[in-house]
Structure formats: C-alpha cells, structure tokens
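Summary of structural features
This is what each chain is made of:
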Amino acid sequence: MELEFPIKQIVDKNGELVDKSYESIVTKEMSQDFYRHMVRIRTLDRKCINLQRQGRLGTYPPIEGQEAAQVGSALALEDDDWMYPTYRDHAACNIFAKSIYNLSIWLGRVEGNVPPKGKNILPVSVPIATQLPIATGIAMASKKRGSKQAAIVYFGDGATSEGDFHEGLNMASVFKAPVVFFNQNNGYAISVPIWRQMNSRTIAQKAIAYDIPGVRIDGNDIFAVYFETKKALERARNGEGPTLIEAVTWRYGAHTTADDPTKYRDQTESEKRREFDPITRLESFMKQQGYADDLWIQNVAEEARIEIEEVVKRLETMPPPNVNDMFDHIFAVPTWTIQEQKDRYLRHLRGEK
Ligand SMILES: Cc1ncc(C[n+]2csc(CCOP(=O)(O)OP(=O)(O)O)c2C)c(N)n1
Ligand SMILES: [Mg+2]
C-alpha cells in the first residue's frame, strides 16, 4: 500500500527540488510568501505556549511541525470557499482569513470563532470527526446552488477511526460533493500512536473504499501541499467530486498544553524529526535558489515578532469571557435541557441552591 500511495514531494528535506516539473512554477515570490506565513505561524504558536504557561491563555493545542500542511492548504483556497477546521487548525484559519482572529477561543471568548466578514470559516470542531459529514453537506449545498465554492475539511489521523469519517466520505462520493478531505497525519491521537489505532498502512488508501482519489503527500513540503490541494479543489469545482489528501507530518510538542508527551513517547526521538522540518527545508531551498539570504530571513523573523506582539496586546484588552456564551450559542433557541443547565449554573455562581 505504501507503494501504491507513494508520498508526493516537490522539495525534499535538504531543500532540493526533486520534482523538476515544478522548476519554473515555484517562483521566488511564492517561496517568500510561503516562508513568511510559516514563520508568522510558528512565532504565534510559540508565543501562545508561553502565554499559557504564564496563565495568560487557557489550554492551547500546539501546531509546531504542521505549519506547511496548514499554510499550504489554506493558501490553495479561493476567497469564497468554505473551511471547516478542528481545534488544531488555527493556522489554516488565520491564513485563509488573512487575519489572526481566533486566539481568544483559548480564553473562552466567542469572538475567537467569528471570522472576518465574508470568510466562510466554521467554528472549530472539538468532537472528533463530526465536522466531516457537515462539510459534505455544505459542499452539496454549494453544488445545488450552482456555485463554484468548494469546501475543505481538516481532521487528524485519529479521526479516521470514527464512524463520521466514513459517513462523510461515502456521502461525498455518492453525491460528488465538491469537498476536499484534508487529513493531517501527525502520528498521534493524543497518546495513541497511529499503529495502535489502525491496521491500514496509509490513510490515503481508505479512499479506495469510496472510489475517490486518495493522495499521500509530504505534509512538511509546502509546495506539495499547496499544489496537490489546488488540484483537488479544481477537481471539486469541475464537478469531479471529493478527494482525500493525507498530509504526512509530525507534531513535535504536546497534544495540548494539558498533555505531557513524555508519558507516552521519547521526546528526543520526536525532536530528531526536525530533520524534516517544513521551515528549515524551505529556507535551504530558498538559499540554494538565491531567493533568500540571512538578512532577509532575520527581517522576516523580526516582522513576525512585532506582528504577534501587537496581536497579543489586542487580545489582552478583551474583557473576561461571559459565562452565558457557553450556553447561548449552541441553538438559536436553547433546548430546555440547555436552559436548565444554564439556570442551574448561574444559581451556583450566585451561591444559591
Ligand atoms: C468524539 C470524540 N471522542 C474523543 C475525543 C477526545 N479527543 C480529543 S483530541 C483526540 C485525538 C484526536 O487525534 P487526531 O484526530 O489525530 O487529531 P490531532 O489531535 O492529532 O490533531 C481525542 C480522542 C473528542 N474530542 N471527541
Ligand atoms: Mg493526530
């Protein structure tokens, strides 16, 4: 199966352009743009971990290592496409939205789930895989309306063991829904390594069951991510139906800041994966091509640092979360069960029985 679903790569871990058919397609401008976005995201991610450690942010799911998968796929979308993210896809959201709008999710504020006007980004899905059938529905609706909007839905390796994964893919295949199923295989579902939750050798091969294309890509090669996602979106827009993309990547750090990865894996082994890092790889490629030098790289880092400091400043002027929000944004009119929970909780906060 690994042979039938080889990992597609355009630039290898040493920054070598291995797929020469992209020679004139991968430009200086594109490389610089991709690099800048990945550095912004890594700076933001590291900042968030520090803020959490200082008690200035709630539990936070880090993404370090997955920057290429998220930035590359988000940049492949058209402005009015639909995106359905999970809790780990804040990079994809911010890049697609062209604005860092969602940090306050980790402070319990609803604004973090509200994208800039005109951007079709759903609130992050925490219940694993539940977003897949919904994304299929969104794509079917777009097709029914005769629009050219496609949908992309993100999910992890662990999500492929849920029924919703199979329901989403089957329905999308049957109705030729214009949806791209974008899987980030980061090796783990919290503490469970991929080999303990499935016998399949790849995630891409699961597409066979639904007779849709399954593409396995190097998720740390931003060019492979960008171009394969673009192709899948094109197929969707042309009425050819869904595609399953497996972006093979790695999460260096913890599942969330509430998790201790040393309890289930050797972190020195994890750190060795930096050999395949998406940012250093692009940096080597750009230096080899003469697209970047140390001064340019330093400037990008400094610009990112300044931008993220500003984002944090804005974040910290927000008022504390409103407890009503927890109950008020699930249904337009709350069910009696939610109303009861809300009343009980508010009574509790007032110190009443
Ligand atoms: C339906 C459901 N079951 C269990 C959980 C608890 N849970 C939260 S994250 C997670 C692991 C998901 O792993 P994966 O899909 O690989 O995504 P990753 O966190 O690696 O991005 C689990 C089991 C949940 N949120 N929802
Ligand atoms: Mg995972």
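Right, let's walk through the structure included here. Computed from a predicted structure; not experimentally measured.

1. Some remarks on the coordination of the magnesium ion (ligand 2)
Listed as protein donors to the magnesium ion (ligand 2) are Asp157 (OD), Asn186 (OD1) and Tyr188 (O); their distances from the metal cover 2.1 to 2.2 Å. Sequence positions of the donors to the magnesium ion (ligand 2) reduce to the motif D-x28-N-x1-Y. With Asp157 in the loop between strand E3 (151-156) and helix H5 (163-174) and Tyr188 in strand E5 (residues 188-189), the pair connects residues that are 31 residues apart, well separated along the chain. Residue Asp157 shares its accessibility class with Tyr188, and that shared class is buried.

2. Describing the packing of helix H2 (residues 67-75) against helix H7 (residues 222-237)
It is at 8 Å that the axes of H2 and H7 come closest, and there the two elements cross at 35°. Helix-helix and strand crossings are classified by hand; for H2 and H7 the assignment is right-handed. Contacts from Ala68, Ala69, Val71, Gly72, Ser73 and Leu75 in H2 reach Ile222, Val225, Tyr226, Thr229 and Lys230 in H7. Looking at the contact of H2 with H7 residue by residue, the class counts come to seven nonpolar, three polar and one charged.

3. What about the site of ligand 1?
The environment of ligand 1 is formed by 15 residues, the closest being Tyr87, Arg88, Gly158, Asn186 and Tyr188. Between ligand 1 and Tyr188 there is a distance of 2.9 Å, counted from an oxygen atom to a backbone nitrogen or oxygen. Within the side chain of His255, one N or O atom sits 3.4 Å away from an oxygen atom of ligand 1. Protein burial of ligand 1: of its 580 Å² of free accessible surface, 71% is covered by the chains.

4. Considering the pairing of strand E8 (residues 243-248)
Among the six residues that make up E8, five are buried, leaving the element largely enclosed by the rest of the structure. Note that strand E4 (residues 179-185) and E8 share six bridges and pair parallel. Residue pairing across strands places Phe182 opposite Ile245, the latter belonging to E8. In terms of strand pairing, strand E7 (residues 214-218) meets E8 through five bridges, oriented parallel. Paired with Ile217 across the two strands is Ala247, which belongs to E8.

5. Points about the packing of helix H1 (residues 28-53) against H7
Between two packed helices, the angle of one axis relative to the other and the distance separating the axes together describe the packing. It is the contact of H1 with H7, at a shortest axis distance of 11 Å, that shows an interaxial angle of 105°. Relative to H7, H1 is oriented roughly perpendicular. When H1 is examined against H7, the residues Met30, Ser31, Phe34 and Met38 are found in contact with a partner set consisting of Ile222, Phe223, Tyr226 and Phe227. For the contact of H1 with H7, the per-class residue count stands at seven nonpolar, one polar and no charged.

6. Observations regarding the sheet that holds E8
Spatial ordering of the open sheet is given by E2-E1-E3-E4-E8-E7, a layout of six strands whose pairing is parallel. The two strands at the open ends of the sheet, each matched to only one other strand, are strand E2 (120-121) and E7. Here three bridges tie strand E1 (residues 82-84) to E3, and the two strands are oriented parallel to one another. Bridge pairing in E3 places Tyr84 opposite Val153. On the sheet, helix H4 (residues 131-144) packs against E1, E3 and E4 and is oriented at approximately 175° with respect to E3. Here H7 sits on the sheet and contacts E3, E4, E7 and E8; the angle it forms with E7, its principal contact strand, is near 160°.

7. Description of the pattern of salt bridges
Tallying each qualifying case throughout the model produces 27 salt bridges. The shortest N-O distance in the salt bridge between Lys313 and Glu310 comes to 3.4 Å. One end of the pair, Lys313, and the other, Glu310, are both in helix H10 (residues 294-315), three residues apart, so they sit about a helical turn from each other. With relative accessibility at 54%, the residue Lys313 sits in the exposed group. Classification of Glu310 as partly exposed rests on a relative accessible area of 38%. Across the pair Lys342 and Asp328 runs a salt bridge whose closest N-O atoms are separated by 2.9 Å. Residue Lys342 is found in helix H12 (residues 336-349), and its partner Asp328 is found in helix H11 (residues 325-328); the two are separated by 14 residues along the sequence. Taking the relative accessible area as the measure of exposure, Lys342 reaches 13% and is therefore buried. A relative accessible area of 33% places Asp328 in the partly exposed class. Residues joined in a network through salt bridges with shared partners are Arg42, Arg46, Glu64, Glu67, Glu271, Arg274 and Asp277.

8. Structural notes on the environment of Ala304
Its location among the elements puts Ala304 in helix H10. Relative accessible area serves as the criterion here: at 2%, Ala304 is assigned to the buried category. Excluding anything up to four places from it in sequence, Ala304 contacts Val39, Arg40 and Thr43.

9. Looking at the pairing of E7
Taken across its five residues, E7 has four buried, putting it largely inside the fold. Following the chain from E7 across H7 to the adjacent parallel E8, one finds a crossover that is right-handed.

Thresholds, definitions, all that
- Sequence order as written defines residue numbering, which begins from 1 separately in each chain.
- Just so you know, chain letters begin at A and ligand numbers begin at 1, following the order they were written in.
- Whole-chain, interface and lining totals are the exception, using all residues; otherwise, since this is a predicted model, local features are given only for residues with pLDDT of at least 70 and side-chain atom pairs are given and counted only at 80 or more.
- The side-chain numbers reported here are obtained from all heavy atoms of the structure, hydrogens and water having been left aside.
- Note on donors: an N, O or S atom is included if it sits within 2.8 Å of the metal, or within 3.2 Å for Na, K and Ca, and water is never included, so sites can look incomplete.
- Strands are runs of DSSP state E lasting at least two residues, helices are runs of H or I lasting at least four, and both sets are numbered from the N terminus onward.
- Here the term buried applies to any residue with accessible area under 20% of the maximum for its type, exposed to any over 50%, and partly exposed to those in between, with areas from a 1.4 Å probe on protein chains only.
- Whenever a helix is involved, its axis is fitted only over the stretch in contact; in every case the axis is a line through C-alpha atoms, and angles between N-to-C directions fall within 0 to 180 degrees.
- Left-handed describes a crossing in which the near helix is turned anticlockwise from the far one by less than a right angle; the clockwise case is right-handed.
- Here, residues are in contact when the closest pair of their heavy atoms is within 4.5 Å.
- Three categories are distinguished: nonpolar for Ala, Val, Leu, Ile, Met, Phe, Trp, Tyr, Cys and Pro, charged for Asp, Glu, Lys and Arg, and polar for the others, with Gly belonging to the last.
- Here a residue is considered near a molecule or strand provided that any single heavy atom belonging to it is located within 4 Å of it.
- For this analysis, a polar contact is any N or O atom pair within 3.5 Å, provided that within protein one partner can donate a hydrogen and the other can accept it, and provided that sequence-adjacent residues contribute only side-chain to side-chain pairs.
- Only the protein chains shown count as cover for residues, with accessible areas throughout obtained via the Shrake-Rupley method and a probe of 1.4 Å.
- At least two bridges found by DSSP between two strands is the condition for calling them paired.
- Roughly parallel covers angles under 35 degrees, roughly antiparallel covers those over 145, roughly perpendicular covers 65 to 115, and oblique covers all other angles.
- Put simply, a salt bridge is a Lys or Arg side-chain nitrogen that is within 4 Å of an Asp or Glu carboxyl oxygen.
- Seen with the strands pointing away from the viewer, any crossover whose path from the first strand over the helix to the second strand runs clockwise is right-handed.

So far we have only geometry, and geometry alone does not tell us how the molecule works.
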